[in-house]
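Structural features, examined
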Amino acid sequence: MSESPVLRVRGRVLTGREEVRDELWVVGGRVTFTPPAAALEVVDIEGWALPGLVDAHCHVGLDAHGAVDDATSEKQARTEREAGALLLRDAGSAADTRWIDDRDDLPRLVRAGRHIARTRRYIRNYAHEIEPDDLVAYVAREARRGDGWVKLVGDWIDREAGDLTPCWPREALAPAIAEAHRHGARVTAHCFAEDSLRDLVEAGIDCIEHATGLTEETVPLFAERGVAIVPTLVNIATFPELAAGGQGKFPRWADHMRRLHDRRYATVRAAYDAGIPVYAGTDAGGSLAHGLVGQEVGELVAAGIPVADAVSAAAWGAREWLGRPGLEEGAPADLVVYEADPLADVGVLTAPRRIVLRGRVVG
């Protein structure tokens, strides 16, 4: 591939919540705030710049039925890129997408390996479906396959109970999470309901996905332990439709899902107010479309999170959480430029003006 052009981004460069510069340069595919001594060709870009957005919960390589082929995975990744999401935390996939790492034109992935679920307690063809005695071994396996994360399914519908129930006995969780930590991986879990949360947090988990079951009793526990949440509010918006579809067979579950949906904004705001770290993720890639990270930030604002912190949940804060750089000297030039200030109008996040990935304008 030919050498990256020199870019000058002018206007307002948002390098942090309260950190703004007038311009940055991209030289050799990397960010610098020092103008180059000489450049044969400079491409000017004007507007409001953010580091490439983060979708902290999506699934590249999945659709509603399981793993997809490479062409579909590429289309999913491109859709994220077109939305300005240049760093994706892939929260579980049955497909092998490591080939994407060799593509300079696709977003960077941070993988959690494949979901680990209880037998017949998750979406068919998605997960390793195992029993508690095998949990430690499978956690070790996925910790080695992933990029620093392991994904458990913490609760799911129990057909005998007719409602959401925890998937794992308490005594199985602590050694499994400790095994992931021993391999240098953090652990997250899918959790819709209330009852699985305390056991997971007290076992040492690092993050909870969705977290709709947070209550007055568990919010302080999350805050004390520093357990993050990724609320995926654009996905939680589908709960009423899911409940309607299951009302006839599982009325308790349907009513439960409606209650979780009804209080979703209050739950997220209570978590934020308590100091729980909140990050933006969409849950795209199962039945939900990719490219919704801008809408998810808008949902965080609708829940009552201040705009700067909601933007940070998909930008500076999310990148720091995942151990990836933002717009700093020498960092890879992954950035998105908008027509207007996203801190004044979060809606502009859904309409990038320019997208720069690895120092090249790709959109």
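Structure first, text after, so check above.
Residues numbered from 1 in each chain as written. Predicted model: local features only at pLDDT ≥ 70, side-chain atom pairs only at ≥ 80, totals over all residues. Heavy atoms only, no water.

**Considering the sheet that holds strand S9 (residues 108-111)**
- One open sheet accounts for three strands, arranged S5-S8-S9; its pairing is parallel. Lying at the two open borders of the sheet, with one neighbouring strand each, are strand S5 (53-58) and S9. Within this sheet the neighbouring strands show an average axis-to-axis angle of 20 degrees, counted without direction.
- Bridging between S5 and strand S8 (residues 85-90) involves four bridges; their strand directions are parallel. Within S8, the position partnered with Val54 by the bridge is Leu87.
- Helix H1 (residues 70-82) rests against S5 and S8 of the sheet, and its axis sits at about 130 degrees to S8. (Pairing = 2+ DSSP bridges. Helix = DSSP H or I, 4+ residues; strand = E, 2+ residues; numbered from the N terminus. Axes fitted to C-alpha atoms, helices over the stretch in contact; angles between N-to-C directions. Contact = heavy atoms within 4.5 Å.)

**Let's talk about unusual backbone geometry**
- Positioned with a positive phi, His210 is a non-glycine residue whose angle comes to about 80 degrees.
- Among the structural elements, His210 can be located in strand S16 (residues 207-210).
- Unusually for a residue other than glycine, Arg358 sits at a positive phi of about 55 degrees.
- Here Arg358 is to be found in the loop between strand S19 (354-357) and strand S20 (360-361).
- Taking the relative accessible area as the measure of exposure, Arg358 reaches 17% and is therefore buried. (Buried < 20%, exposed > 50% of the residue type's maximum accessible area, 1.4 Å probe, protein only.)

**Comments concerning the pairing of strand S4 (residues 42-51)**
- Here eight bridges tie strand S1 (residues 6-16) to S4, and the two strands are oriented parallel to one another. Counterpart to Arg8 in the pairing with S4 is Asp44.
- Bridge analysis of S4 against strand S18 (residues 335-338) gives four bridges, and the strand direction is antiparallel. Bridging from a neighbouring strand, Pro51 pairs with Leu335 of S18.

**Observations concerning the nonpolar core**
- Leu135, Val150, Leu152, Ile205, Ile208, Phe222 and Leu300 are the most contacted members of the largest nonpolar core, which totals 87 residues.
- It is helix H3 (residues 170-182) that provides the largest number of residues to this core, a total of five residues.
- If we skip the residues at most four places from it in the chain, Ile208 touches Thr188, Ala189, Cys191, Leu197, Leu200, Phe222, Val227, Ala228, Ile229 and Val230.
- Listed in part, the 14 residues of the second largest apolar core include Leu7, Leu24, Val26 and Ala49. (Core = buried A, V, L, I, M, F, W, Y, C linked by side-chain atoms within 4.5 Å.)

**Quick notes on the pattern of salt bridges**
- Counted according to the given criterion, the structure contains 27 salt bridges.
- In this structure, the salt-bridge partner of Glu209 is Arg89, at a minimum N-O distance of 2.9 Å. Here Arg89 lies in strand S8 and Glu209 lies in strand S16, a separation of 120 residues in the sequence. Pair check on accessibility: Glu209 and Arg89 agree, each one buried.
- Put simply, Glu194 and Arg263 hold a salt bridge, and the shortest N to O gap is 2.9 Å. Remark: Arg263 occurs in the loop between helix H8 (251-262) and helix H9 (264-273) and Glu194 occurs in the loop between strand S15 (186-191) and helix H4 (197-202); sequence separation between them is 69 residues.
- The class for Arg263 is partly exposed, based on a relative accessible area of 26%.
- A single network of salt bridges, built from pairs that share partners, joins Arg8, Arg10, Asp44 and Glu46. (Salt bridge = Lys/Arg side-chain N within 4 Å of Asp/Glu carboxyl O.)

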